[in-house]
Amino acid sequence: MPARTFSELSLSAKVLAAVKAVGYEKPTPIQLDAIPHVLQHKDVLGIAQTGTGKTASFVLPMLTLLEKGRTRARMPRTLILQPTRELAAQVAENFAKYGINHRLNVVLLIGGISFEEQERKLERGADVLIATPGRFLEHFERGKLLLTGIEILVIDEADRMLDIGFIPDIERICKIIPFTRQTLFFSATMPPEIIKLTEQFLRTPAWIEVTQASSAAHTITERFVKSASQLWKKRIILRQLIEMEGDALKNAIIFCNRKRDISELFHSLIRYNFNTGALHGDMEQHARMIMLSNFKDGKFKFLVASDVAARGLDIPNVSHVFNFDVPLHPEDYVHRIGRTGRAGRQGKAFTIVTQNDLKYVQAIEKMNSKNIEWLNGESFSTQFDPTEENMQVKQAKSQKEIQKNRTGKSKSEKNKLFVKDKKFERNEPTTVGFGDDTPAFMLISTRFN
């Protein structure tokens, strides 16, 4: 009979005390399945959607295993690889929370922090080394890491690693650390490249799949919302959705595909007095962490973000997700809406769809093996008239041609001339008041020597 409580999972007394202090009583399905295998030193391949408690499924047993042994300078005992700085920092927070009764050195190697500061921490030894692949390899190439002592390797959010382009780095890291290690591999989706990686570096792993790959949680109510393609019309739709949800909306993450749109939407919401923050990959690490912290603490009600906020970030009380743009990859849709409906809570996700987004909508529905309802209740095929967009374009072009035929210049050309004329008028005074008659004194001949 499977275990029903954490105390039945053979975790140490120190770990159980920390879990109890946090307030958790029952393990999630992936924790039930993964923790016993990790404690038995087996390789694990876990497929789990976001918000299932995946992080604790490797943090808790690792803490138990690390109670035996000690660390040495520049020789980490375990290595956890994360695709982004935020995810790495979040795992470090989990070790601090669940390892409160342990005296373990946890070292974070991410960008935005000086090499010298990180090297000083490595000199003291690292029971747990949490890193992004690029920064880890930079320290290794500087000769600051000895990898012969690594007992456990964790590769988390593997499909995100693939999206960012980290797979070559992952392959290299797997080859330079001891082959006798235990490998724990987690991913929300399993594209062919990820399957190939697991076949190459995992040894008879325990396959744990707690839900259908690439599926969204059942606690999330999903809706598509039709919109015209103009950005200002999409912004109107977004504000209407926010107003429609009323008091049910506690806070929300709003996802955009492009950094430029994040900035524009952020300033638009500010103008309409929405308490809003912004987050994207080009921000300095310190600014990103402050922005996330402020959102978690409720200082912002809305966070306009890129997909940097879509993977694994543990913000448990997000009530809504709005996709201002339909994601180009269906897997990203699952990760985005997975920011809500976490830990058994109910959540809502609205996706604003234009005529040009329909192929991405079809890909999302195909991957999820279900049709997502539209806000007005109509079917997919009746949302957009196939000729609607073309007719609008044709009408716009015909209006432009009519204007050009009337004036000999297009509207844009007239605007340029108008601006030029206005500038001239501001710089040069205009003579007024003469009418058709010329004053006599202006007709007097004047001779200059």
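Structure shown above.
Now for a quick tour of the structure.

Procedures and definitions
In this convention, every chain numbers its residues from 1, walking through the sequence in written order. Per-residue local features are limited, in this predicted model, to residues with pLDDT of at least 70; the limit for side-chain atom pairs, both in listing and counting, is 80 or more; totals at the level of whole chains, interfaces and linings are taken over all residues. To get the side-chain values, take all heavy atoms of the structure and skip hydrogens and water. Only runs of H or I of at least four residues qualify as helices and only runs of E of at least two qualify as strands under DSSP, and these elements are numbered from the N terminus. Between two residues, a contact is recorded if the distance between any of their heavy atoms is within 4.5 Å. Aromatic rings from Phe, Tyr and Trp, taking only the six-membered ring of Trp, are treated as a pair when their centres fall within 6.5 Å; an angle between ring planes under 30 degrees marks them as stacked, one over 60 as edge-to-face, and anything in between as tilted. With a 1.4 Å probe rolled over the protein chains alone, any residue whose accessible area is under 20% of its type maximum counts as buried; one over 50% counts as exposed, and the rest are partly exposed. Definition of nonpolar core: a set of buried residues of the types Ala, Val, Leu, Ile, Met, Phe, Trp, Tyr and Cys, connected through side-chain atoms within 4.5 Å. For two strands to be treated as a pair, DSSP must find at least two bridges joining them. A fitted line through C-alpha atoms serves as each axis, taken over the contacting stretch for helices, and the angle formed by two N-to-C directions is quoted from 0 to 180°. Salt bridge criterion: a side-chain nitrogen from Lys or Arg within 4 Å of a carboxyl oxygen from Asp or Glu. Helix span, expected: 1.5 Å multiplied by one less than the number of residues in the helix.

On to the environment of Lys299, then. As for its position among the elements, Lys299 is in the loop between helix H12 (285-296) and strand E11 (302-305). Sequence separation between Lys299 and Asn275 is 24 residues; the distance between their C-alpha atoms is 8.0 Å. The contacts of Lys299, once residues within four sequence positions are left out, are Asn275 and Asn294.

For the coordinates displayed, the defined rule picks out 5 aromatic pairs. Considering the side-chain rings of Phe224 and Tyr333, the 6.4 Å spacing of their centres and the 55° angle between planes classify their relative orientation as tilted. Here Phe224 is found in strand E8 (residues 220-226), whereas its partner Tyr333 is found in helix H13 (residues 330-337), with 109 residues between them in sequence. Classification of Phe224 as buried rests on a relative accessible area of 0%. Ring centres 5.6 Å apart and planes at 90° place the aromatic pair Phe274 and Phe302 in the edge-to-face group.

The next subject is the environment of Pro133. Mapping Pro133 onto the fold places it in helix H6 (residues 133-141). A residue is classified by how much of its surface remains accessible, and Pro133, at 0% relative accessible area, is buried. Separated by 39 residues in the primary sequence, Pro133 and Arg172 have C-alpha atoms spaced 9.7 Å apart. Residues contacting Pro133, with those up to four places away along its chain left out, are Leu81, Gln82, Met161, Phe166, Asp169, Ile170 and Ile173.

Right, let's talk about unusual backbone geometry for a bit. Phi is positive for Ser10, close to 65°, though the residue is something other than glycine. Among the secondary structure elements, Ser10 is positioned in the segment before helix H1 (13-22). With relative accessibility at 59%, the residue Ser10 sits in the exposed group. Unlike most non-glycine residues, Thr204 shows phi in positive territory, near 35°. Along the chain, the position of Thr204 falls in the loop between helix H9 (192-201) and strand E7 (206-209). Its relative accessible area of 77% is what places Thr204 among the exposed residues.

Take the nonpolar core next. In this structure, Phe58, Leu60, Ile80 and Phe95 are the most contacted members of the largest nonpolar core, which totals 34 residues. Taken together, the elements giving at least two residues each to this core come down to H1, helix H2 (29-39), helix H3 (54-65), helix H4 (85-98), strand E4 (128-131), strand E5 (152-155) and strand E6 (182-187). Counting residues per element, this core draws most heavily on H3, which supplies 7 residues. Excluding residues within four positions of it along the chain, Phe95 makes contact with Val59, Met62, Leu63, Ile80, Ile100, Val106, Val128 and Ile130. If you look at the next biggest cluster of nonpolar residues, it comprises 31 residues, including Leu79, Cys174, Met190 and Ile194.

The strand order E3-E4-E2-E5-E6-E1-E7 describes an open sheet built from 7 strands, whose pairing is parallel. Of all strands in the sheet, those bounded by a partner on one side alone are strand E3 (106-109) and E7. Taking the axes of each pair of neighbouring strands and ignoring which way they run, one obtains an average angle of 15° across the sheet. As paired elements, strand E2 (residues 78-81) and E4 share 4 bridges and run parallel to each other. Its bridge partner being in E4, Thr78 is matched across the sheet by Val128. Contacts from H2 reach strand E1 (44-47), E6 and E7 within the one sheet, and its direction differs from that of E7 by about 165°. In the packing of helix H5 (residues 115-123) onto the sheet, the strands contacted are E3 and E4, and the crossing angle to E3 comes to about 150°.

What follows concerns the pattern of salt bridges. Any two side chains of opposite charge can pair, so long as their charged atoms come close to each other. Applying the stated criterion to the full structure yields 17 salt bridges. We note a salt bridge from Arg77 to Glu151, for which the minimum N-O separation is 3.8 Å. Of this pair, Arg77 sits in the loop between H3 and E2 while Glu151 sits in the loop between H6 and E5, placing them 74 residues apart in sequence. Linking Arg172 and Glu141 is a salt bridge whose minimum nitrogen-to-oxygen distance equals 2.8 Å.

Turning our eyes to something else, we now look at the pairing of E2. In E2, alternate side chains face the same way, and those of Thr78 and Ile80 on one face and Leu79 and Leu81 on the other are all buried. One ladder, built from 4 bridges, connects E2 with E5; its direction is parallel. Looking across to E5, one finds that Leu81 is bridged to Ile155.

On to H12. An ideal rise of 1.5 Å per residue puts 16 Å on 12 residues; H12 measures up with 17 Å between its terminal C-alpha atoms. Within the span of H12, buried status applies to Gln285, Arg288, Met291, Leu292, Asn294 and Phe295. If you follow the buried residues of H12, they end up packed against H4, strand E9 (252-255), strand E10 (276-279) and E11. Positioned one or two residues after H12, Gly298 has a phi angle of 85°, which is positive.

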